Amino acid sequence: MRVIAGSARSLLLKTPAGDHTRPTTDRIKETLFNVIQTEVPGAVFADLFSGSGAIGIEALSRGAKKAYFVENDSAAISCIEANLKHTKMQDRSVVLKQDAIMAVEYSLREAVDVIFADPPYGLGQDELLLQAASRNRFITKDTLIIMEESKERDFSFAADHGFAVIKEKIYKTNKHVFLRRES
């Protein structure tokens, strides 16, 4: 896995050992950042269920001013910290070892421009995350939330929590769902 573009372009990134994480492939990561390219420069970016931190590092490489990395697995945290050191991006990063839902509700205490979440598929973490986001005043109608989930997942529950699906990008086995808070 590598950084696709920007200041850290082509640098290789480590991934946590074992099968606790599902790294986003370079191809899907490139497609994602092509979709959100105008949202990233100058943004405060949150990478939830971070794994290796590759998505947040890609955002920093492409000009995000700050990134939060939220992960509760110790091995993944070590991997994120090593990748941030390797890419020399520690000064613009906040690494939080905690549950992503708790982080959204209690730890994100500044305006967040983009939130990327890649929770374990099929466990309802996506809905819990939107519930928590609905209670955070720093997640506004301008915040773009991107959820990675299995392509079969129905996001009709989003409206129940005050969010609208504005776009879906479907891949072979999964999809990215783009949401914003309803006005």
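Here the residue index of a chain counts from 1 through its sequence in written order. In view of the model being predicted, local features appear only for residues whose pLDDT reaches at least 70, and side-chain atom pairs are presented and counted only at 80 or more, with totals across whole chains, interfaces and linings using the full set of residues. Water and hydrogen atoms play no part in the side-chain values, which are based on all heavy atoms of the structure.

With that out of the way, let us pick up the pattern of salt bridges. The rule for a salt bridge is simple: a side-chain nitrogen of Lys or Arg has to be within 4 Å of a carboxyl oxygen of Asp or Glu. Counted under the stated rule, the structure contains 8 salt bridges. The closest approach of N and O atoms between glutamate 58 and arginine 62, which form a salt bridge, is 2.7 Å. We call a residue buried when its accessible area falls under 20% of the maximum for its residue type, exposed when it is over 50%, and partly exposed in between, using a 1.4 Å probe and counting protein chains only. Exposure remark for glutamate 58: the relative accessible area of 0% places this residue in the buried category. Among the residues examined, arginine 62 registers a relative accessible area of 21% and is labelled partly exposed.

What follows covers the pairing of strand 2 (residues 66–71). As a general feature of sheets, a regular strand has side chains that alternate between the two faces. For strand 2, the buried fraction is high: 5 of the 6 residues fall into the buried class. Bridge analysis of strand 1 (residues 44–48) against strand 2 gives 5 bridges, and the strand direction is parallel. Note that in strand 2 the partner of aspartate 47 across the bridge is phenylalanine 69. Each parallel crossover has a hand, and the one from strand 1 via helix 2 (residues 54–61) to strand 2 is right-handed. Following DSSP output, two strands are said to pair if at least two bridges run between them. Only DSSP runs of H or I with at least four residues qualify as helices, and only runs of E with at least two residues qualify as strands; both kinds are numbered from the N terminus onward. Pairing between strand 2 and strand 3 (residues 93–97): 5 bridges, direction parallel. Residue phenylalanine 69 lies in a different strand from strand 3, and its bridge partner there is valine 95. Convention used here: a crossover is right-handed provided that the path from the first strand, over the helix, to the second strand proceeds clockwise when the strands point away from the viewer.

Below, the discussion takes up the nonpolar core. What makes a nonpolar core is a set of buried Ala, Val, Leu, Ile, Met, Phe, Trp, Tyr and Cys residues whose side-chain atoms join them at distances within 4.5 Å. In this structure, Leu48, Val104, Leu130, Ile145, Met147 and Leu179 are the most contacted members of the largest nonpolar core, which totals 28 residues. Mapped onto this core, the elements with two or more residues apiece are strand 1, strand 2, helix 4 (100–107), strand 4 (114–117), helix 5 (125–134), strand 5 (144–150) and strand 7 (174–181). The residues touching leucine 48, leaving out its near neighbours within four places in the chain, are Val70, Ala100, Val104, Ile115, Phe116, Ala117, Asp118 and Leu129. In this structure, Ala8, Ala54, Phe116 and Leu144 belong to the second largest nonpolar core, which totals 24 residues. Contacts were defined at the residue level, with two residues in contact if any of their heavy atoms lie within 4.5 Å.

Each pair of packed helices can be described by the angle between their axes along with the distance between the axes. Two elements in contact, helix 4 and helix 5, have axes whose closest approach is 8 Å; the angle formed by their N-to-C orientations is 10 degrees. The angle between the axes of helix 4 and helix 5 places the two elements in the roughly parallel class. Facing Ala100, Ile101, Val104 and Glu105 of helix 4, the residues of helix 5 in contact are Gln125, Leu128, Leu129, Ala132 and Ala133. Residue polarity follows a fixed list, in which Ala, Val, Leu, Ile, Met, Phe, Trp, Tyr, Cys and Pro are nonpolar, Asp, Glu, Lys and Arg are charged, and the others, Gly among them, are polar. Looking at the contact of helix 4 with helix 5, its residues break down into 7 nonpolar, 1 polar and 1 charged. Convention adopted: a line fitted to C-alpha atoms gives each axis, helices being fitted over their contacting stretch, and angles between N-to-C directions are expressed from 0 to 180 degrees. With respect to orientation, any angle under 35 degrees is reported as roughly parallel, any angle over 145 as roughly antiparallel, any angle of 65 to 115 as roughly perpendicular, and every other angle as oblique.

Restricting attention to buried positions, one finds in helix 4 the residues Ala100, Ile101, Ala103, Val104 and Glu105. Contacts made by the buried residues of helix 4 are with strand 1, strand 2 and helix 5. Between a side-chain oxygen at the N-terminus of helix 4 and the backbone nitrogen of isoleucine 101 the separation is 3.1 Å; the capping residue is aspartate 99. Contacts described as polar in this section are N or O atom pairs within 3.5 Å, which, within protein, must combine one atom able to donate a hydrogen with one able to accept it, while residues neighboring in sequence count only if both atoms come from side chains.

Quick look at the packing of aromatic side chains now. To describe a pair of aromatic rings, one takes the distance between the centres and the angle between the planes. Between rings of Phe, Tyr and Trp, where Trp is taken as its six-membered ring, a pair exists when centres lie within 6.5 Å; planes separated by under 30 degrees are stacked, by over 60 edge-to-face, and by other angles tilted. Under the counting rule described, the total for this entry stands at 2 aromatic pairs. Taken together, a centroid distance of 5.1 Å and an interplanar angle of 35 degrees make the contact between phenylalanine 155 and phenylalanine 157 tilted. Taking relative accessible area as the criterion, phenylalanine 155 reaches 5% and is therefore assigned buried. In this structure, arginine 153 packs its charged tip against the face of phenylalanine 155, placed 6.0 Å from the ring centre. Look at NZ for Lys and CZ for Arg. If either is within 6 Å of the ring centre and within 35 degrees of the ring normal, a charge sits over the ring.

None of the figures reported here should be taken as evidence of function without further support.
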